[in-house]
Amino acid sequence: MKIAKIEAIPIKLARGSEHDENRRTKDLIDVGSDYVISSGSWTSIYPKHMETTLVRIETDTGIVGWGEAFSPVARRTTATIIEDICDLLVTGQDPHDVEYLWYRTYSAMRERGHGTGFYIDALSGIDQALWDIRGKALGLPVHKLLGGRYRDKLRVYAGFAGTDRDQVVKRAEELVGYGYTALKLHLRQPNPEIIDIVAGVREKVGPAIDLMVDVHTTREVAEAILLGRGLEKHGVRWLEAPVAPEDVNGHAEVARALDMQVASGEWLRTAYEWAPWIEKRGVDCPMPDIGRTGISEGKRIAALCDAANLPVAPHIGAGCILAIAAAVQVSAAMPRFQILEHGHHAMALKSSFAKVHPEVKDGYITIDDRPGLGVEIDEDKVRQLAG
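Below is a summary of the structure that appears in this document. The shown structure was predicted, so the numbers you read here are calculated from the model rather than taken from an experiment. (Residues numbered from 1 in each chain as written. Predicted model: local features only at pLDDT ≥ 70, side-chain atom pairs only at ≥ 80, totals over all residues. Heavy atoms only, no water.)

## Remarks on the overall build of the chain
Stage number 1. Scanning the chain from N- to C-terminus turns up 14 helices and 17 strands.
Stage number 2. By the compact-globule yardstick of 21 Å for 387 residues, the chain fits well, its C-alpha radius of gyration being 20 Å.
Stage number 3. If one aligns the C-alpha atoms of the chain with their principal axes, the spans along those axes are about 60 × 45 × 40 Å.
Stage number 4. A buried classification covers 54% of the 387 residues belonging to the chain.
Stage number 5. Within the chain, contacts between residues at least 6 apart in sequence are counted, and of these 73% link residues at least 24 apart. (Helix = DSSP H or I, 4+ residues; strand = E, 2+ residues; numbered from the N terminus. Rg over C-alpha atoms; globule rule 2.2 N^0.38 Å. Buried < 20%, exposed > 50% of the residue type's maximum accessible area, 1.4 Å probe, protein only. Contact = heavy atoms within 4.5 Å.)

## Notes on helix α10 (residues 271–279)
Stage number 1. For α10, every residue scored as buried is listed here: Ala271, Trp274, Trp277 and Ile278. Taken around the axis of α10, the buried residues stretch over an arc of 120°, which confines them to a single face.
Stage number 2. Buried-residue contacts for α10 involve α9 (248–257), β11 (261–264), β12 (285–286) and α11 (290–307).
Stage number 3. Phi for Arg281, located one or two positions after α10, is positive at around 55°. (Arc of directions from axis to C-beta.)

## Here's the deal with the packing of helix α3 (residues 98–110) against α11
Stage number 1. Orientation of α3 relative to α11, taken along the N-to-C sense of each, is 100°, at an axis distance of 10 Å. Classified by the interaxial angle, the pair formed by α3 and α11 is roughly perpendicular. Contact residues: α3 offers Val98, Glu99 and Trp102, while α11 offers Thr293, Ser296, Glu297, Lys299 and Arg300.
Stage number 2. Along the lines of polarity and charge, the residues of the contact of α3 with α11 split into two nonpolar, two polar and four charged. (Axes fitted to C-alpha atoms, helices over the stretch in contact; angles between N-to-C directions. Parallel < 35°, antiparallel > 145°, perpendicular 65-115°, else oblique. Nonpolar A, V, L, I, M, F, W, Y, C, P; charged D, E, K, R; others polar.)

## Quick look at the packing of aromatic side chains
Stage number 1. Counted by the stated rule, this structure contains four aromatic pairs.
Stage number 2. When the ring of Tyr106 is compared with that of Tyr272, the centres are 5.5 Å apart and the planes differ by 20°; the resulting orientation is stacked. Remark: Tyr272 occurs in helix α10 and Tyr106 occurs in helix α3; sequence separation between them is 166 residues.
Stage number 3. Residue classification places Tyr106 among the buried residues on the basis of a relative accessible area of 6%.
Stage number 4. With a centroid separation of 6.1 Å and an interplanar angle of 65°, the aromatic rings of Trp267 and Trp277 are classed as edge-to-face. (Phe/Tyr/Trp six-rings, centres within 6.5 Å; stacked < 30°, edge-to-face > 60°.)

## Some points on the sheet that holds strand β4 (residues 46–47)
Stage number 1. Read from one edge of the open sheet, three strands run β2-β3-β4, paired in antiparallel fashion. Where the open sheet ends on each side, the last strands, each with one partner, are β2 (28–31) and β4.
Stage number 2. Looking at chain direction, strand β3 (residues 35–38) and β4 are connected through two bridges and run antiparallel. Bridge pairing in β4 places Tyr35 opposite Pro47. (Pairing = 2+ DSSP bridges.)

## As for the sheet that holds strand β1 (residues 3–13)
Stage number 1. Strand order across the open sheet formed by three strands is β1-β5-β6, with antiparallel pairing between neighbours. Each edge of the open sheet carries a strand with a single partner, namely β1 and β6 (64–69). Recorded for the sheet is a direction-independent mean angle of 25° between the axes of neighbouring strands.
Stage number 2. Pairing of β1 with strand β5 (residues 50–59) involves ten bridges; the strand directions are antiparallel. What sits directly across from Ile3, in β5, is Thr59.
Stage number 3. Strand contacts of helix α12 (residues 321–332): β5 and β6, with the helix running at about 100° to β6, the strand carrying the most contacts.

## Describing the environment of Phe353
Stage number 1. Examined against the element boundaries, Phe353 turns out to sit in the loop between α13 (347–350) and β14 (354–356).
Stage number 2. Among the residues examined, Phe353 registers a relative accessible area of 0% and is labelled buried.
Stage number 3. In contact with Phe353, other than residues within four places in its own chain, are Ile11, Leu13, Leu54, Cys320, Ile321, Ile377, Asp378, Lys381, Val382 and Leu385.

## With respect to α12
Stage number 1. Spanning twelve residues, α12 covers 16 Å between terminal C-alpha atoms, matching the ideal 16 Å at 1.5 Å per step.
Stage number 2. The element α12 is extensively covered by neighbouring structure, given that twelve of its twelve residues are classed as buried.
Stage number 3. Along α12, the positions that sit buried rather than exposed are Ile321, Leu322, Ala323, Ile324, Ala325, Ala326, Ala327, Val328, Gln329, Val330, Ser331 and Ala332. (Expected span 1.5 Å × (residues − 1).)

## Quick look at the pattern of salt bridges
Stage number 1. One pass over the structure, following the stated rule, counts 25 salt bridges.
Stage number 2. Glu51 serves as the salt-bridge partner of Arg75, at 3.2 Å between the closest nitrogen and oxygen. Taken together, the positions of Arg75 in helix α2 (residues 75–90) and Glu51 in strand β5 put the pair 24 residues apart, joining distant regions of the chain.
Stage number 3. Residue classification places Arg75 among the buried positions, given a relative accessible area of 5%.
Stage number 4. Through salt bridges with shared partners, one network takes in Glu7, Arg56, Glu58, Glu379 and Arg383. (Salt bridge = Lys/Arg side-chain N within 4 Å of Asp/Glu carboxyl O.)

In structure tokens form, the structure reads like this:
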């Protein structure tokens, strides 16, 4: 079996009115027609819609594998990398040599400094599609190929944002009503406002619900420690991304100062990037995003975390259903899984081009035996979304 054809398909999905309402609660300004960015903090650029790049790989035996090259912005950039570089190195090869192909393609640009960012996102999409092909060829789910099923279901938490205390409390109550036993609040306000919102949520949902807070790298070290100590009084499980993403030493200092977990690392794509963070204990809970790492590197990162006795909580950002499915497969096969991220209200849109996919019920995803990634893509719908 050989790889016959690789196709990168950038897609764009329109969000609903609920996203527009949520946007009005943030300090976001327009950047061109498609994107927004914060006017008051050094945080990421976000699309008004949802976008990503799908990867379709077909073998000479007719098996089709799908992956997702994580592309929350500039989706055509990732597609160009796949078409102009990766295709040359992967087409004609054996898809069962998936880890070799990742390393060969990674090494083709590492000396030039492309060890992260869009290039690795492109590799991730190809890697996912190759694992999907392997699973379909062998009639096995990917997690069986990664070493086996460590658990039959994955606990997930529902993440959401807001600035108005009453609205956040109401949303938390709603999500608990759907069966979630863990919630993550995306909050970027000054420390006293964050603590006040969390106090309101804790009062409403009670002590049995796990709460996490993500401040999106908006704090200095001392400010993050003060915030963490305030959140600890309300039984918050972790403080996520407290300081700048480049600051491994700052993260480590925050982690040492707090009893709660410091969770972070969604921007770290390879085991090479993760190694110093684990060595320095920059996090208590690593959060690799499998949409960015791919399955092969996700497996290696999970092994590093296991060796360091660190529980893993894979990040799910703006990735759509294929990135989610890849995260489910890797999570099922890792020894030190803690919990998986989930966007309750975004899931319908993220999975809108799939006929079959992993689903959340009562705060859990059940692991099944569907081959490959366990996703059946509606290719006609994908072609409609392409552009």
